[in-house]
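# Structural features, examined
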Amino acid sequence: MADSAAHPRWLQHHFTSAGQQRESAKLGMWIFLVTEILFFGGLFCAYAIYHAWNPDIFHEAHKALDWRLGGLNTLVLITSSLTMALAIRSLQVNKAKLANGYLWATILLALTFMVIKYFEYAHKFHVGQLPGKYYTYTGIEGTSPHIFFSLYFMMTGLHGLHVMIGIGVILWLIIRNRRGDFSNAYYNPVEMTGLYWHLVDLIWIYLFPLFYLVG
Amino acid sequence: MSNEHSAHGASQDHVMPVRNYLMVASALFVLTVITVAVAQVDFGAWNLVVAMVVATTKAVLVAMFFMHLFYDNKLFAAFFTGSFVILGIFIVITMFDTMERDRLYPEVATPIREHAIIYDDEGKPLKQNAHAGEGEHGEAAEHGDAAMEHEEGAAAEGGDEQGSEDATSGGH
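Residues numbered from 1 in each chain as written. Chains lettered and ligands numbered in written order. Predicted model: local features only at pLDDT ≥ 70, side-chain atom pairs only at ≥ 80, totals over all residues.

This paragraph deals with the confidence of the model for chain B. All names here are of chain B. Here chain B averages 72 in pLDDT, while 60% of its residues score no lower than 70. Predicted confidence in chain B is weakest over helix α1 (residues 3-7), with a mean pLDDT of 40, and strongest over helix α2 (residues 18-39), with 94. Under a pLDDT of 50 for its full length, residues 1-11 has, in the predicted model, 18 contacts with residues more than four places off or in other chains. Across the interfaces of the predicted complex, the ipTM metric reaches 0.89, alongside a pTM of 0.78. (pLDDT = per-residue confidence, 0-100. Helix = DSSP H or I, 4+ residues; strand = E, 2+ residues; numbered from the N terminus. Contact = placed C-beta atoms within 7 Å.)

Think of an α-helix as turning once every 3.6 residues; residues three or four places apart then point the same way. All names here are of chain A. Here helix α4 (residues 96-127) is 32 residues long and its end C-alpha atoms lie 47 Å apart, about the 46 Å a rise of 1.5 Å per residue gives. Considered for burial, the residues of α4 that qualify are Ala99, Tyr102, Leu103, Thr106, Ile107, Leu109, Ala110 and Phe113. Tucked into the core, α4 has its buried residues touching α3 (67-92) and α5 (146-178). At the C-terminal side of α4, glycine 128 shows a positive phi close to 85 degrees. (Expected span 1.5 Å × (residues − 1). Buried ≥ 20, exposed ≤ 12 C-beta atoms within 10 Å, placed from the backbone.)

This part is about the interface of chain A and chain B. Listed per partner, the contact involves 42 residues of chain A and 46 residues of chain B. Here the side of chain A that touches chain B takes 18 residues from helix α1 (residues 18-53) of chain A, the largest share from any one element. Residue composition of the side of chain A that touches chain B, grouped by class: 27 nonpolar, 11 polar and 4 charged. (Nonpolar A, V, L, I, M, F, W, Y, C, P; charged D, E, K, R; others polar.)

All names here are of chain B. Here tryptophan 46 is to be found in helix α3 (residues 46-66). The class of tryptophan 46 is exposed, set by 11 C-beta atoms lying within 10 Å. Counting along the chain gives 22 residues from tryptophan 46 to histidine 68, while the straight-line C-alpha distance between them is 32 Å.

Once that is clear, we can look at the confidence of the model for chain A. Looking at chain A, the pLDDT average stands at 91 and 97% of residues meet or exceed 70. Model confidence for chain A, summarised as mean pLDDT per element, is weakest for helix α2 (residues 55-62) of chain A at 86 and strongest for α3(A) at 96.

Structure below.
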């Protein structure tokens, strides 16, 4: 396909302009994010039910989580959201190389998040604070603290999976950016990934107080 | 906002100064510290409310500035807000159901499957279900639907499941 100024390679033929293409992509991405919210929403609803049924158990069990690690992870994830937003801004002002720096920083912070999460999980596996029938820990009062850990592993696990997927997608962006695919005229994939990444951050913003602080 | 220039196509998205991004991130850091600090104080039932108010403030900051909703087409913000409205309806109605159900009739443990074992608060199987679990597996399973109808009737009357179960399994 001819790459001319009037019709650049990245502009899909069914769009009249770059602006229309960008708006359409964003609308599609936001609809996807809505499905993500409802997807996680089912688990938040489960949390609400079990918390309402067993407030004492949740209060006792939440002390088993280390709020310092959870808080540190919150700061790590917020910083990664900042670097992601700055990567997009760098492309908006046509600094592709700087954008790659920010994307690498985002991946590094995401890996930091996963490493901290790994230490938390490893500790819980070690002492037997596991979901359902795998729960063997005896240090928490009450009849069914495993309910708390079922929800904890399900919700933080699903969130962690989203972080891993995000790392993969950002790597793909770095490769494309190095190839010179993005400029201030076209950076839709970076912006859409940014929206996804901020949503992952946003979900953690709720998971952190619900599990580590309130319980 | 930027509707007029995004509608014209080729023009660029709104570019926010780096300083603004740093300010938003700082606000998020401060709010994280606040939510941790506030959690050390016990407000009783208000703990959850306070934590959710701070979290929602953070979420709004992320959505408006990191996700550019403040500058973008308002349709996106409408979709996003709409998802939370629907989620709110989902959770609120579920909570009404699960918390207020026993006002209508005393809650009776009714197994969905005939041989399901229901545990009491001490984690021991309830006697009536333990009994049901022992019974003739293969045969009774085929008549599971009939048994459930019987049990629903029993639950509405406020008990006597034992009798209805015996009646159904005795029939074969």
